[in-house]
Amino acid sequence: MTYSYIGKMAAYERDRQGVSAETVCKGLCDLDIYNSFEKGEEVGDIHVVRMVLQRLGISASLAGRYLCRDEYDEIYARFNILELLRAGRLVSAKKAVEEYENRYCVRGNRLNMQFMTYMNARIAQLDGDTVEALCMYKKAIGYTIEDYGVAEFTCISIYEYFMLANIAQLNAALGNYMEAEKLYERLLAYCHRRNSDCWTMACVYPKTICEMLDINTPERMGDYDRQVWLNECNAALKVLSDTSRLHYICPLLNKRHTLLELLGEEPDKQYDSFLEHYEWLRNRYHVKGELLEWYPYYNSDWEFYPVEKLINERRKLYGMTIEELAEGVCAPETVSRIINRRVSPKRSTVEALLDKLELRGVLLEDVMVCDDWETHRIWDDMVHAQAIDDYVTGRRLNEKIAKKLDVNIPINRMLLEYVNVGADMGIEKNNYEKYALLHEKMLGFNIENIEKLTIFTRIETMVINRYFYCMDKVKNYTKLGVYESMCNTYLSDSGNDRASATNFEGTLTRCASYTGNAARFTDSNNYSEWGINLELNCERMHCLSTIIYCIPWNNAECGNSVSDDDIKMCECAYWIAWMLKEKGRMKLYNGWIEKHNVCLLYTSPSPRDCS
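Conventions used here
Residues numbered from 1 in each chain as written. Predicted model: local features only at pLDDT ≥ 70, side-chain atom pairs only at ≥ 80, totals over all residues. Heavy atoms only, no water. Helix = DSSP H or I, 4+ residues; strand = E, 2+ residues; numbered from the N terminus. Rg over C-alpha atoms; globule rule 2.2 N^0.38 Å. Buried < 20%, exposed > 50% of the residue type's maximum accessible area, 1.4 Å probe, protein only. Contact = heavy atoms within 4.5 Å. Areas by Shrake-Rupley, 256 points an atom, 1.4 Å probe, with all protein chains shown as cover. Lys, Arg positive; Asp, Glu negative; His and termini not counted. Charge placed at Lys NZ, Arg CZ, Asp CG, Glu CD. pLDDT = per-residue confidence, 0-100. Core = buried A, V, L, I, M, F, W, Y, C linked by side-chain atoms within 4.5 Å. 1 Å grid on protein atoms, 1.4 Å probe; cavity = no way out; pocket = protein on both sides within 12 Å on 5 of 7 lines; lining within 4 Å. Points joined across faces, edges and corners; volume = space filled by probe spheres on them. Nonpolar A, V, L, I, M, F, W, Y, C, P; charged D, E, K, R; others polar. Salt bridge = Lys/Arg side-chain N within 4 Å of Asp/Glu carboxyl O. Expected span 1.5 Å × (residues − 1). Polar contact = N/O pair within 3.5 Å; in protein donor to acceptor, adjacent residues only side chain to side chain. Phe/Tyr/Trp six-rings, centres within 6.5 Å; stacked < 30°, edge-to-face > 60°. Lys NZ or Arg CZ within 6 Å of the ring centre and 35° of its normal. Disulfide = S-S within 2.5 Å. Patch = residues over 30% accessible without salt bridge, like charges linked within 9 Å, V, L, I, M, F, W, Y side chains within 5 Å. Axes fitted to C-alpha atoms, helices over the stretch in contact; angles between N-to-C directions. Parallel < 35°, antiparallel > 145°, perpendicular 65-115°, else oblique. Left-handed = near helix turned anticlockwise from the far one by under 90°.

Looking at the overall build of the chain
Then, in step 1: Broken down by element type, the chain carries 31 helices and two strands.
Then, in step 2: On C-alpha atoms alone, the chain measures out to a radius of gyration of 25 Å, which is about the 25 Å that the 2.2 N^0.38 rule sets for 611 residues.
Then, in step 3: Dimensions of the chain, computed from C-alpha atoms along their principal axes, come out at roughly 75 × 65 × 50 Å.
Then, in step 4: For the chain, with 611 residues in total, the buried portion stands at 59%.
Then, in step 5: A separation threshold of at least 6 residues defines the contact pool for the chain, and within that pool the share at least 24 residues apart is 72%.
Then, in step 6: About 25000 Å² of surface is accessible on the chain, with carbon and sulfur atoms providing 48% of the total.
Then, in step 7: For the chain, the separation between the mean place of its 73 positive charges and that of its 91 negative charges on side chains is 2 Å.

Now the structure itself:
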């Protein structure tokens, strides 16, 4: 069932875009294998699936988050190398790359060889050997795109895009400006031509613009070109705003400021103030560099869990014995070996076990299970509508989604119920005790059982978050400790919290908010500090303004005098909300600043002056 959904989605998108199967799979797998994939058969390599989706402009997250042992161990080894590189531990990174090569490249797997070569290129670059790094980058891209120097780009993944951009960047560093500019121009043309999802564009579009403006600087342009590049900068900023991302935003805004100056236009006080406050935040939390320079492969959708752990946790939660779980699927001894990760199970076996645990379709879960990419885009629109309390549009879009989803899949049923109840809450705006109970019932297990789990589906996390939102509304914090246990599970997995930021950020933000509302101000500030660090290091701003605001609010509520830093933090929250066009939050934060800014002076324009 799993690959039938994802194969149909790939086939539909390929046909809609008028791209041949040969173009999509070239350098990744044989055409026969790809054709089998579109028909719903397994391809045998998670990296092939992820890169196929990205080449079609679809988020790789739709390939699933739950992996069997062998796939999980291999992909985690990749993540470990990236973590070592970001920490600057080159000796350890070299050793980890050698271990990866010995374990995963002995059979000549093309994509594993590409990753190993790519990491060696990164190490050479960080070691200062630009010539060797460029040579290795060219070798790495050659595994999947042999003719990158001459052909126009029709289908490339984010992973391949970054390798190509690295080649252009190092060519420029070595003085090969013409070669670098030609490659960048083809990458920019790809951005303009492709109908990729906005998260993909957020990763590649701002980077391309910034690095092209490093080669052809605004100072050397005429006014016509300056206006063209100003428009490019504005388009890139819109993509970042639409996706709540902060990738390359500092260099992007600095270059935009320069373009405005050279065009003789008035400075943009709002963007300038946003940049000042964002840079202040980064300095305060010692955040350096650009995330995607370190995580070019995983970008915004690296989040993987061992499926065997998911199966075992749910088995225990529902009180099922190994024999009961195995019945009708395989021998109990086989299930025992699977959940103890002594063997890597077949995907069909995993699907059967998940089906018995009411988790059918979870291997392809990304909020919903659907073979239509357009439905996922409708979901994004619905989320945006409800974020501004437009529940009329939200209901209309939900009705469209409901017609597309297979309600025999428990995840889809929960999603539709969650949206409908949310719309009712938005209209009624009271009786939160009732809605808390509805969400607990929707979840399918008592809220206290959160403490027995470490892995949740996306929709379960959303339901749990809203349950505690309702409890906060009625000031009932008797079960807050249960929620904190869920948050602390992520915090205890040091380093891996960045990998699960999508699930973690909302829970962490709410823990900060709810503990503050419960007058546990120190705990709230601790959660806030963790959350701000996470958001800044992952270059995300979906929850950033809320979690920033917790700190000055706590400090004022606990009786401390409001400091310059508190005012500055609240200003930062305001400008993040401004970037996201969240007018309600902007009003809230500006009101707090006006209330507490009686005797404080600050050099930047106040939010009320710039709005």
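Moving on from the coordinates now.
Looking at the confidence of the model for the chain
Parts of the prediction with low pLDDT should not have their coordinates interpreted in detail.
Then, in step 1: On average, residues of the chain score 88 in pLDDT, and 93% of them are at 70 or above.
Then, in step 2: Summarising per-element confidence for the chain, the mean pLDDT is lowest in helix α31 (residues 607-610) (50) and highest in helix α13 (residues 249-262) (97).
Then, in step 3: This stretch, residues 296-300, has a pLDDT under 50; its non-local contacts, to residues over four places away or in other chains, come to 22 contacts.
Then, in step 4: Predicted confidence is poor over residues 599-605, with pLDDT under 50, and the contacts of this stretch with residues over four places away or in other chains come to 17 contacts.

Focus: the side chain of R226
Then, in step 1: Relative to the assigned elements, R226 resides in helix α12 (residues 223-243).
Then, in step 2: Aside from chain neighbours lying at most four places away, what touches R226 is P218, E219, M221, L259, L262 and L263.

Thoughts on the nonpolar core
Then, in step 1: Y34, I249 and F274 are the most contacted members of the largest nonpolar core, which totals 210 residues.
Then, in step 2: Once residues lying within four places of it in the same chain are set aside, the contact partners of Y34 are A10, R14, A21, V24, C25, C29, V52 and L56.

Points about the layout of surface pockets
Then, in step 1: The volume enclosed by the second largest pocket comes to roughly 500 Å³.
Then, in step 2: Lining of the second largest pocket is provided by 19 residues; of these, G44, D70, E71, E74 and N112 occupy positions nearest its centre.
Then, in step 3: Among the elements of the structure, α4 (46-55), α5 (69-86) and α6 (90-104) are those that each provide at least two residues to the lining of the second largest pocket.
Then, in step 4: Among the elements that line the lining of the second largest pocket, the one with the most residues is α5, at three residues.
Then, in step 5: When its residues are assigned to classes, the lining of the second largest pocket shows five nonpolar, five polar and nine charged.

Some words on the pattern of salt bridges
Then, in step 1: Across all of its chains, the model carries 23 salt bridges by this definition.
Then, in step 2: A salt bridge links R14 to E38, with the nearest nitrogen and oxygen atoms 2.7 Å apart. You can see R14 sitting in helix α1 (residues 2-17) and its partner E38 sitting in helix α3 (residues 31-38), a full 24 residues away along the chain.
Then, in step 3: The salt bridge partner of K479 is E448, with a shortest N-O separation of 3.3 Å. Of this pair, K479 sits in the loop between α24 (458-473) and α25 (480-492) while E448 sits in the loop between α23 (432-443) and α24, and the two are 31 residues apart along the sequence.
Then, in step 4: On the basis of relative accessibility, which here comes to 23%, the residue K479 falls in the partly exposed class.
Then, in step 5: The network of salt bridges with shared partners includes D73, E308 and R341.

A look at helix α8 (residues 130-141)
Then, in step 1: Here α8 spans 17 Å end to end across twelve residues, near enough to the 16 Å set by a 1.5 Å rise per residue.
Then, in step 2: Tucked into the core, α8 has its buried residues touching α7 (110-126) and α9 (158-173).

Section: the environment of Q17
Then, in step 1: Considering the arrangement of structural elements, one finds Q17 in helix α1.
Then, in step 2: On the accessibility criterion, Q17 (22% relative accessible area) is partly exposed.
Then, in step 3: Between the C-alpha atom of Q17 and that of K95, which follows or precedes it by 78 residues, the distance is 43 Å.
Then, in step 4: From its side chain, Q17 meets the backbone oxygen of L56 in a polar contact 2.9 Å long.

Observations concerning the packing of aromatic side chains
Then, in step 1: A complete count under the given rule lists 21 aromatic pairs for this structure.
Then, in step 2: Note on Y271 and W578: the rings are 5.0 Å apart at their centroids and 80° apart in plane angle, and the pair reads as edge-to-face. Of the two residues, Y271 sits in helix α14 (residues 269-284) while W578 sits in helix α29 (residues 564-579), which places them 307 residues apart along the sequence. In terms of burial, Y271 and W578 fall into one category: buried.
Then, in step 3: Within the aromatic cluster, the residues linked to one another by ring pairs are Y271, Y574, W575 and W578.
Then, in step 4: Above the plane of the ring of Y435 lies K434, whose end atom (NZ or CZ) is 4.6 Å from the centre.
Then, in step 5: It is R466 that lies over the ring of Y418; its NZ or CZ is 3.6 Å from the centre.

Considerations on the state of the cysteines
Two cysteines joined by a covalent bond between their sulfur atoms form a disulfide.
Then, in step 1: Tallied over the entire structure, the rule returns zero disulfides.
Then, in step 2: With no disulfide of its own, C250 lies closest to C210 among cysteine sulfurs, the gap being 9.7 Å.
Then, in step 3: Assessed through its relative accessible area of 10%, C250 is described here as buried.

Observations regarding a negative patch on the surface
Then, in step 1: Among the surface-exposed residues, E323, E324, E327 and E333 lie close enough to one another that they form a single negatively charged patch.
Then, in step 2: On the secondary structure map, E324 appears in helix α17 (residues 322-326).

Things to note about the environment of R282
Then, in step 1: Locating R282 in the fold gives a position in helix α14.
Then, in step 2: Taking relative accessible area as the criterion, R282 reaches 10% and is therefore assigned buried.
Then, in step 3: Residues R282 and N533 lie 251 residues apart in sequence; the distance between their C-alpha atoms is 9.0 Å.
Then, in step 4: When sequence neighbours within four positions are dropped, the list of residues in contact with R282 reads C250, V287, K288, G289, L536 and E539.

Considering α6
Then, in step 1: Under the 1.5 Å per step criterion, the end-to-end length of α6 is 20 Å for 15 residues, consistent within 8% with the ideal 21 Å.
Then, in step 2: Residues of α6 that are buried in the fold lie against α5 and α7.

Concerning the packing of helix α28 (residues 544-557) against helix α30 (residues 583-596)
When two helices pack together, their arrangement is given by the angle between their axes and by how far apart the axes lie.
Then, in step 1: As a packed pair, α28 and α30 sit with axes 12 Å apart at the nearest point and diverge in direction by 25°. With respect to each other, α28 and α30 are oriented roughly parallel. The chirality of how α28 crosses α30 is left-handed. Contacts between α28 and α30 involve S545, T546, Y549, P552, W553 and A556 from the first element and R585, L588, Y589, W592 and H596 from the second.
Then, in step 2: Here the contact of α28 with α30 is composed, by residue class, of seven nonpolar, three polar and one charged.

Some remarks on the environment of P552
Then, in step 1: Within the secondary structure layout, P552 lies in helix α28.
Then, in step 2: Look at P552 and you get buried, because its relative accessible area is 0%.
Then, in step 3: Separated by 34 residues in sequence, P552 and M586 have C-alpha atoms that sit 15 Å apart.
Then, in step 4: Not counting chain neighbours up to four residues away, the residues in contact with P552 comprise D566, M569, C570 and W592.

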